[in-house]
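Here is how the chains run, residue by residue.
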Amino acid sequence: MLQLTTFFTQNGIPEETLIWIFMLPIAMTLVVVGRQIIGIKGFSISAPILIGFAFAAIGLQSGVIAFVTVLGVGFIIKSALRNMRLLYLPKMALILLITAVAVSVLTPFLPYKDDIQFSHAAFAFIILILSTEQFGSLLIERGPRKTLGVALETLVMSAAIFFLVTSPWLQNIVVTYPLIVLLTAILTNLFLGKWTGLRISEYIRFKDVIFK
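Below is a short write-up of the structure. All of these numbers come straight from a predicted model, not from anything done at the bench.

## Observations regarding the overall build of the protein
In terms of regular secondary structure, the protein is built from 11 helices and 0 strands. Tracing the protein from N to C terminus, the helices and strands come up as α-α-α-α-α-α-α-α-α-α-α. When each of the 212 residues of the protein is scored for burial, the buried share is 40%. Accessible surface for the protein amounts to roughly 12700 Å². Of this, 69% is attributable to carbon and sulfur atoms.

See below:
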């Protein structure tokens, strides 16, 4: 299995890049388990993964601060533009633009900023900024209260993915046995695709009826 990793590294692909690519099947499966088995909602399958990898690039504490800032500024700007007769796309572009400015202003004050390689972290900030669009769409559909709940669940799932991606033990596993990791992820998702049982959150929610 290690020969596959050696082949990629010998052809110019950094091992760090390979680790992140090989981590994707595990991260995807974790999100599916979170949604199908536990009942965590989140913005989508891709959002927690992207945000989790963004946290891995800039650090969990800085990532959480940036994430909360992005959602807070996005909500404020969206509320400010509510009474203006603007089409959806220009309005969303304004929200993203002002959010990007807010993150730029915030960046020098982030904890451990001296340890962040901003050339590598640029896409992490872009991912966090662009997550405002999903937040805004959900805000329109479900309102502030439910959107806040989904945002918190997304944050929890993203933090779990951060710990997954940055685990030295798991990094060694995916580099040494990438095909086994991929096969395990495929089989797990095939099993979850046939899942018809209740989620853990539903057991908790309806415990009085189920265990009556």
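## Section: the nonpolar core
One finds L128, I161 and V174 to be the most contacted residues of the largest nonpolar core, which totals 51 residues. At the level of elements, α2 (15-38), α3 (46-58), α4 (60-80), α5 (88-106), α6 (118-142), α7 (144-165) and α8 (168-176) are the ones that each hand at least two residues to this core. Those residues in contact with V174 that sit more than four places away from it in its chain are I19, F22, M23, I26 and V181.

## Quick look at the packing of aromatic side chains
If you walk through the whole model with that rule in mind, you get 3 aromatic pairs. Between the aromatic rings of W20 and F53, the centroid separation amounts to 5.1 Å while the plane-to-plane angle is 65°, which identifies the pairing as edge-to-face. Highlighted residues: W20 in helix α2 and F53 in helix α3, separated in sequence by 33 residues. Since its relative accessible area comes to 28%, W20 is described here as partly exposed. With a relative accessible area of 10%, F53 lands in the buried category. Where F162 meets F163, the ring centres are 5.1 Å apart and the plane angle is 70°; that geometry is what we call edge-to-face.

## Quick word on α7
Here α7 spans 31 Å end to end across 22 residues, near enough to the 32 Å set by a 1.5 Å rise per residue. All buried positions along α7 are accounted for by T147, V150, A151, T154, L155, M157, S158, A159, I161, F162, L164 and V165.

## Some remarks on α3
Between its first and last C-alpha, α3 extends 19 Å over 13 residues, near the 18 Å set by a 1.5 Å rise per residue. Looking only at α3, the buried set comprises A47, P48, I49, I51, G52, F53, A54, F55, A56 and I58. Following α3 by one or two positions, G59 adopts a phi angle in the positive range, close to 95°.

## Quick word on the environment of V101
Within the secondary structure, V101 is located in helix α5. Judged by relative accessible area, which is 46%, V101 ranks as partly exposed. Spatially, the C-alpha atoms of V101 and I129 are 9.8 Å apart, while their sequence positions differ by 28 residues.

## A few points about the side chain of S158
One can find S158 in helix α7. Its relative accessible area of 0% is what places S158 among the buried residues. Each residue touching S158, except ones within four places of it in the same chain, is listed here: A47, P48, I51, G52 and F55.

## A look at the packing of α4 against α5
At a minimum axis distance of 9 Å, the contact between α4 and α5 shows a crossing angle of 140°. By the angle class used here, α4 and α5 are oblique. In this structure, α4 meets α5 at a crossing whose hand is right-handed. Here α4 contributes I65, A66, T69, V70, V73, G74, I77 and K78 to the contact with α5, which in turn contributes I95, I98, T99, A102, V103 and L106. Class assignment for the residues of the contact of α4 with α5 results in 10 nonpolar, 3 polar and 1 charged.

## Some remarks on a positive patch on the surface
A surface patch of like charges, here positive, comprises K41, R142, K146 and R205. Given the relative accessible area of 46%, K41 is considered partly exposed.

## A few points about the environment of F162
Here F162 shows up in helix α7. When its relative accessible area of 13% is taken as the criterion, F162 is described as buried. On a C-alpha basis, the gap between F162 and G59 in space is 8.6 Å, while along the polypeptide they are 103 residues apart. Discounting chain neighbours no more than four positions away, the residues touching F162 are G52, F55, A56, G59 and L60.

Rules and cut-offs
- Residues numbered from 1 in each chain as written.
- Predicted model: local features only at pLDDT ≥ 70, side-chain atom pairs only at ≥ 80, totals over all residues.
- Heavy atoms only, no water.
- Helix = DSSP H or I, 4+ residues; strand = E, 2+ residues; numbered from the N terminus.
- Buried < 20%, exposed > 50% of the residue type's maximum accessible area, 1.4 Å probe, protein only.
- Areas by Shrake-Rupley, 256 points an atom, 1.4 Å probe, with all protein chains shown as cover.
- Core = buried A, V, L, I, M, F, W, Y, C linked by side-chain atoms within 4.5 Å.
- Contact = heavy atoms within 4.5 Å.
- Phe/Tyr/Trp six-rings, centres within 6.5 Å; stacked < 30°, edge-to-face > 60°.
- Expected span 1.5 Å × (residues − 1).
- Axes fitted to C-alpha atoms, helices over the stretch in contact; angles between N-to-C directions.
- Parallel < 35°, antiparallel > 145°, perpendicular 65-115°, else oblique.
- Left-handed = near helix turned anticlockwise from the far one by under 90°.
- Nonpolar A, V, L, I, M, F, W, Y, C, P; charged D, E, K, R; others polar.
- Patch = residues over 30% accessible without salt bridge, like charges linked within 9 Å, V, L, I, M, F, W, Y side chains within 5 Å.
- Salt bridge = Lys/Arg side-chain N within 4 Å of Asp/Glu carboxyl O.
- Lys, Arg positive; Asp, Glu negative; His and termini not counted.
- Charge placed at Lys NZ, Arg CZ, Asp CG, Glu CD.

Fair warning: the whole summary comes from geometry, so function is off the table for now.
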